[in-house]
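Remarks on the overall topology
Here's the letter readout for the chains.
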Amino acid sequence: MNGWEAVIGLEIHAELKTASKMFCSCDASFGGEPNTKVCPVCLGLPGVLPVLNEKAVELALRLALALNCRILPRALFHRKNYFYPDMPKNYQISQYDQPLGVEGFLEVETEEGTFRVGIHRVHMEEDTGKTIHKSESGRIHGSEYSLEDFNRAGVPLLEIVTEPDIRTPEQAKAFLQELKSIMEHLEVSDCRMEEGSLRCDANVSVRPAGSDSMGVKTEIKNMNSFRALQRALEYEIERQVRLLESGGEVVQETRHWDADANMTTPLRTKEYAYDYRYFQEPDLVPLELDRVFMERVRASLPELPSQRRRRFREEYGLPAHDARVLTSSKAMGDFFEEVVRLGAPPKAASNWMMGELSAYLNAQDLELGQLAIGPSHLAELISLIEKGTISGKIAKDIFQEMVDKGEMPSAIVEKRGLTQISDQAELEGIVREVLEANPGPVEDYRRGKTQAIGFLVGQVMKQTRGRANPGLVNELLRKMLDA
Amino acid sequence: MEPLYLSEAWRIRELLLRREVTPREVLEAVRERAQAVEPLVNAYITETWELAEEAAEEAERALARGEDPGPAAGIPMAVKDILCTRGVRTTCASRILENYVPVYDSTVIERLKAAGLTMVGKANMDEFAMGSSTENSHFGPTRNPWDLDRVPGGSSGGSAAAVAAGEALWALGSDTGGSIRQPASFCGLVGMKPTYGRVSRYGLVAFASSLDQVGPITRCVRDCALLLRLICGHDPRDSTSLPEEVPDFPALLEGEVRGMRAGVPVELMGEGIDPGVRRVVEGSLRLLEDLGMSVEELSLPHLEYALDAYYIIAPAEASSNLARYDGVRYGLRVEGEDVLDMYSRTRAVGFGDEVKRRIMLGTYALSAGYYEAYYAQAQKVRTLIIGDFRRAFERCDVLVSPTSPTVAFRLGERLEDPLAMYMSDICTIPVNLAGLPAISIPCGLDQGLPVGFQVIGKLLDEATVLKVAYALEQALDFRERPGLARG
């Protein structure tokens, strides 16, 4: 990689969170029995006409504004013509040369500093249906027949195209995370990559570092997670560099990321380039957003992640790193704020969320929303520590049981008798027993090897199954040993 | 007295309301007539007498209760087979939709049902409305009741022939480049294309979306005004439908035309217009002057390019609109090796020659590298034509011309020469490009065949078009009837 620089642009598709589809009143929610969320319009039956969903426009506008785009006063819809069995009309209503928003940008904050990515355009289009191939592999080759599910056909999509301003796979990942967080905060999209409501393709090329020229690019598809995006780009950049360094040439093509094989492979493509024969959709009128509508949407924009990040630092006194992690998704930030609202000190809440909670989510591959617990569980756990009812060590055990079973920490403490022992008389008895049973370490301590006290604390904790208040144990031990 | 099946619709309505005839008697008269002449004419793809009977019975019950069954009740209507009718197959005269039964009613049909629609059949047409003779039908050509060796015009030829032959009292057609007005002209009827956006296109199977409009084909201007009033109006399901109020057209028919100005575009009266047709039309121009209107020639220079622009724009839109007939979800499917092969076979077998020709034309015009030279250029021409009309209407209240450069031609005469066929719409096409309302009324005979007179109005000014047409119709007193004989 030395001496080379990558040039990356992303193309992101996000399903808009509308109740109904883009051009008809069918339910736009994910899933359902195949072909139950359909009507003549989204099935493309003869004679039907599209009617634009106002909510979809509003959501699209929200994102375009949040990405600092220039909003075109007269946006147009075009037909993108190509044949595909899951596309009911064999054209997709999309936007072409006059999209909703252009010339925006997004600033992304990372540990290494802030970088800026230009937003080429934000446009609206309709989603296609889904083809299910009946074969061993689930792919079209060798399949006996294919089935079509049109539930998704006509669901509104946003397409966001960046300028080729991204230089590293890490930046690409950070950008997509920030964009996802923005869309969540704006309540524009659910951004579920696994359900396909957030999809990302990348254009990538390499060039000698410091050069202004553009290398030949490839387009990478099928990156279904942030990790996949980063790994696919790492692979592809290395592949291109190796090709060029060995005197080869990069071929302009579309490549498929194979996460299992950890490599990109060329997609089987036809000899010819697609010609989508775009022309203005005659069934829709130009979208002329009036100032009142635009200002209303602008005024209703909720807090963006960058604003929230600043507020977390200022209002809760969190370090920059904490603020960044906690605002990386809307759910995370909401959870944190609720824990704090229920009385937890912000830094303690942040530590638990970035530590135990995140580790658990990663290990179980879960989203916050899928947890058995809510903010009140964590808030109570922290409050039990704060009040001295349990020790920090016990709290970690309780946390495990709490997330596994969804029980309130106080219930677990009670059930298992885990209350911290802070009663001086009770502890004194135990300390005395430990001292009597361990004459060696006691001797060591008195001879000046003061670190021997650690062993003795451990023995008290063992006796109390961790319930002893560690501060008090230390205090009592010193008092008795030094007496 | 004329037989019921040749009566004007508004007269039938009066008879029904006065209980001098019953809906069933009217329907029976038309059905008997159809049984006799349909084998000669072939106006229908699908006949729906049973549905019509139910509608007639319902109308009869309403009348018996002393209620008005609705302005369309008990008046047998032919509906072009391009309008979706729930539960009644809608073929567009194409093999690809030969057995296609819609699950919903077009807005126009919905409105007419609320007004008591008595539909007797789905009328023949050129496949997907592409043609000017109704010869491009998978279900065989329709013949002109004035001369069975001649075409009824097209693409709404079945609708026009049905009304002319007495197989229906009025009809619905659709007009993309003249498909209502030209067959009305060839069959001695009144046909009107409303302002683009006046009538909902929801459920009208799309040919060229920016040009298509539904409209009436009737025996007189009053019927036209009545039917127009029933089908116009804003429809939230059609984004291009206009929100404007719909005037009470029938009530506005009898206004004064004295002092109004008619313009005659020289481009629509010169070369290419049959001398016989021109002679008959000139007679009507004189009648307009007799009625106190001023008639002046004027030039709309860009009309010269209208046909060229139309044959880029309409096929371009059609190539996209017809892409959905692929054998995947409905309609004909011819199995193939793989999905691409299935598409090709289905479309090769399912579409006729003219449809394929236009899909190819349109696909070419939209292709990368050609788009600017063809489609974009055609759109510019369209803008210029709109400008020409706007300027002309600064000086005129209406523009007038022949509807078609010739009277009905013979079957087969132009089938092998698409360009000659396309020429048949030179007077009507510019009107679609500009989105204006226009009517054709019969103004005389040439070689024993009807000649159509076209009145074009300003945007949304159907009322003036109807008023001038009505005044001329009264002055002309055209009473010829088709003979249903071979010429």
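Rules and cut-offs
- Residues numbered from 1 in each chain as written.
- Chains lettered and ligands numbered in written order.
- Predicted model: local features only at pLDDT ≥ 70, side-chain atom pairs only at ≥ 80, totals over all residues.
- Helix = DSSP H or I, 4+ residues; strand = E, 2+ residues; numbered from the N terminus.
- Rg over C-alpha atoms; globule rule 2.2 N^0.38 Å.
- Buried ≥ 20, exposed ≤ 12 C-beta atoms within 10 Å, placed from the backbone.
- Contact = placed C-beta atoms within 7 Å.
- Nonpolar A, V, L, I, M, F, W, Y, C, P; charged D, E, K, R; others polar.
- Pairing = 2+ DSSP bridges.
- Axes fitted to C-alpha atoms, helices over the stretch in contact; angles between N-to-C directions.
- Expected span 1.5 Å × (residues − 1).
- Arc of directions from axis to C-beta.
- Domains from an automatic or database assignment.
- Core = buried A, V, L, I, M, F, W, Y, C linked by C-beta atoms within 7 Å.
- Parallel < 35°, antiparallel > 145°, perpendicular 65-115°, else oblique.

Brief notes about the overall build of chain B
Of the regular secondary structure elements, chain B holds 15 helices and 11 strands. Over its C-alpha atoms chain B spans a radius of gyration of 21 Å, differing by no more than 12% from the 23 Å that the globule rule assigns to 487 residues. Overall, chain B is about 65 × 50 × 45 Å in size when its C-alpha atoms are taken along their principal axes. By residue count, 62% of the 487 residues in chain B fall in the buried class. Taking the contacts inside chain B whose residues are at least 6 apart along the sequence as the reference set, 77% of them involve residues at least 24 apart.

Examining the overall build of chain A
Looking only at helices and strands, one finds 15 helices and 14 strands in chain A. Relative to the compact-globule value of 23 Å for 483 residues, chain A shows a C-alpha radius of gyration of 29 Å, a clear excess of over 25%. Principal-axis analysis of the C-alpha atoms places the extent of chain A at approximately 95 × 55 × 50 Å. A burial count over chain A gives 39% of its 483 residues as buried. Once local pairs closer than 6 in sequence are excluded, the contacts in chain A between residues at least 24 apart make up 70%.

Examining the interface of chain A and chain B
On the side of chain B, 33 residues touch chain A, which itself brings 25 residues to the contact. Looking at the side of chain A that touches chain B residue by residue, the class counts come to 15 nonpolar, 4 polar and 6 charged.

Here we look at the sheet that holds strand E11 (residues 218-223) of chain A
Residue and element names in this part refer to chain A. As summarised here, the arrangement of the 9 strands in space is E2-E5-E6-E9-E1-E10-E11-E12-E13, forming an open sheet in which the pairing is mixed. Single-partner strands in this sheet number two, and they are strand E2 (70-71) and strand E13 (263-266). When strand E12 (residues 254-258) meets E13, the two strands line up antiparallel, connected through 4 bridges. Across the sheet, Trp257 pairs through a bridge with Thr264, a residue of E13. The strands that helix H1 (residues 54-66) touches are E2, strand E5 (101-110), strand E6 (113-126) and strand E9 (156-162); relative to E6, the one it contacts most, it runs at about 160°. Contacting strand E1 (4-15), strand E10 (198-208), E11, E12 and E13, helix H3 (residues 226-245) crosses the sheet at an angle of about 25° to E10.

Here's the deal with the pairing of E9(A)
Residue and element names in this part refer to chain A. Counted residue by residue, E9 has 5 buried out of 7 residues, so it is predominantly covered. Across 5 bridges, E1 lies against E9 in antiparallel orientation. Among the inter-strand pairings, Ala14 is bridged to a residue of E9, identified as Leu158.

Side note on helix H8 (residues 275-290) of chain B
All names here are of chain B. For H8, with 16 residues, the first-to-last C-alpha span of 23 Å sits near the 22 Å given by 1.5 Å per residue. Listing the buried residues of H8 in full gives Val277, Val280, Val281, Ser284, Leu285 and Leu288. Down the axis of H8, the smallest arc covering the buried residues is 150°, so these residues share one side. Opposite its buried face, H8 presents the exposed residues Pro275, Arg286, Glu289 and Asp290, each directed more than 90 degrees away. Where the residues of H8 are buried, they touch strand E7 (261-265), strand E8 (294-298), strand E9 (398-402), strand E10 (438-446), strand E11 (449-456) and helix H15 (462-476). Positive backbone phi, at 95°, marks Gly292, one or two positions downstream of H8.

Details of the domain arrangement of chain A
All names here are of chain A. What the domain assignment lists for chain A is domain 1 (4-295), domain 2 (303-416) and domain 3 (424-482). Once you take the C-alpha centre of each, domain 1 and domain 2 turn out to be 34 Å apart. With 6 residues, the single largest contributor to the side of domain 1 that touches domain 2 is helix H2 (residues 169-185). Partitioned by chemical class, the residues of the side of domain 1 that touches domain 2 number 2 nonpolar, 3 polar and 3 charged.

What to know about unusual backbone geometry
At the junction of Gly154(B) and Ser155(B), the peptide bond is cis and its omega measures out at 10° in the coordinates. Its location among the elements puts Ser155(B) in the loop between strand E3 (118-123) and helix H5 (157-165). Unlike most non-glycine residues, Asn68(A) shows phi in positive territory, near 60°. By secondary structure assignment, the location of Asn68(A) is in the loop between H1 and E2. Of the residues examined, Asn68(A) has 14 C-beta atoms within 10 Å and is grouped as partly exposed. The phi dihedral of Leu460(B) is positive, around 65°, even though this residue is not glycine. With respect to the helices and strands, the residue Leu460(B) is situated in the loop between E11 and H15. For Leu460(B), a count of 20 C-beta atoms within 10 Å corresponds to the buried category.

Quick look at helix H5 (residues 305-316) of chain A
Residues and elements named next belong to chain A. Taking 1.5 Å of rise per residue, the 12 residues of H5 would be expected to cover 16 Å, and the 15 Å separating its terminal C-alpha atoms lies within 8% of that figure. Burial in H5 covers these residues: Pro305, Arg308, Arg309 and Phe312. The buried residues of H5 all sit within an arc of 105° when viewed along its axis, so they share a single face. For H5, the elements touching its buried residues are H2, helix H6 (320-326) and helix H7 (330-341). Positioned one or two residues after H5, Gly317 has a phi angle of 65°, which is positive.

Overview of the nonpolar core
Soluble globular proteins tend to bury their nonpolar side chains together. One finds Met77(B) and Leu466(B) to be the most contacted residues of the largest nonpolar core, which totals 156 residues. Residue contributions to this core peak at 9 residues, all from helix H9 (residues 306-321) of chain B. Setting aside residues up to four positions removed in sequence, Leu466(B) forms contacts with Val221(B), Cys224(B), Ala225(B), Phe249(B), Leu252(B), Leu253(B) and Ile439(B). Counting residues in each nonpolar core, the second largest holds 70 residues, with Cys26(A), Phe77(A), Val204(A) and Ile237(A) among its members.

A short note on the environment of Pro3(B)
Positionally, Pro3(B) belongs in the segment before helix H1 (9-17). Sequence separation between Pro3(B) and Leu227(B) is 224 residues, and the spatial gap between their C-alpha atoms is 21 Å.

Focus: the packing of H9(B) against helix H11 (residues 353-366) of chain B
All names here are of chain B. Where H9 contacts H11, the two axes come as close as 7 Å, and the packing angle between them is 100°. Here H11 runs roughly perpendicular to H9, going by the angle between their axes. Residues Tyr311, Ile312, Pro315, Ala316, Glu317, Ala318 and Ser319 of H9 lie in contact with H11, whose contacting residues are Arg358, Ile359, Leu361, Gly362, Thr363, Ala365 and Leu366. Its residues assigned to classes, the contact of H9 with H11 comprises 9 nonpolar, 3 polar and 2 charged.

Some thoughts on the sheet that holds strand E2 (residues 76-80) of chain B
All names here are of chain B. Taken together, the 11 strands give an open sheet; going across it, the order is E1-E3-E2-E4-E6-E5-E10-E11-E9-E7-E8, and neighbouring strands pair in mixed fashion. Strands with a single pairing partner mark the edges of an open sheet, and in this sheet they are strand E1 (44-47) and E8. Across the sheet, the axes of successive neighbouring strands diverge by a mean angle of 30°, strand direction being ignored. Across 3 bridges, E2 lies against strand E4 (residues 170-175) in parallel orientation. Bridge pairing links Ala78 to Ala171 in E4. Contacts between helix H7 (residues 221-231) and the sheet are confined to E4, strand E5 (190-193), strand E6 (213-218) and E10, with E6 contributing the most and set at about 150° to the helix. Most of the contacts of H8 go to E10, to which it runs at about 115°, and overall it touches E7, E8, E9, E10 and E11.

A few points about the environment of Glu462(B)
All names here are of chain B. As for its placement among the helices and strands, Glu462 is situated in helix H15. Considered as a pair, Glu462 and Phe249 are 213 residues apart in the sequence and their alpha carbons are 7.9 Å apart. Not counting chain neighbours up to four residues away, the residues in contact with Glu462 comprise Pro194, Thr195, Leu228, Phe249, Pro437 and Gly457.

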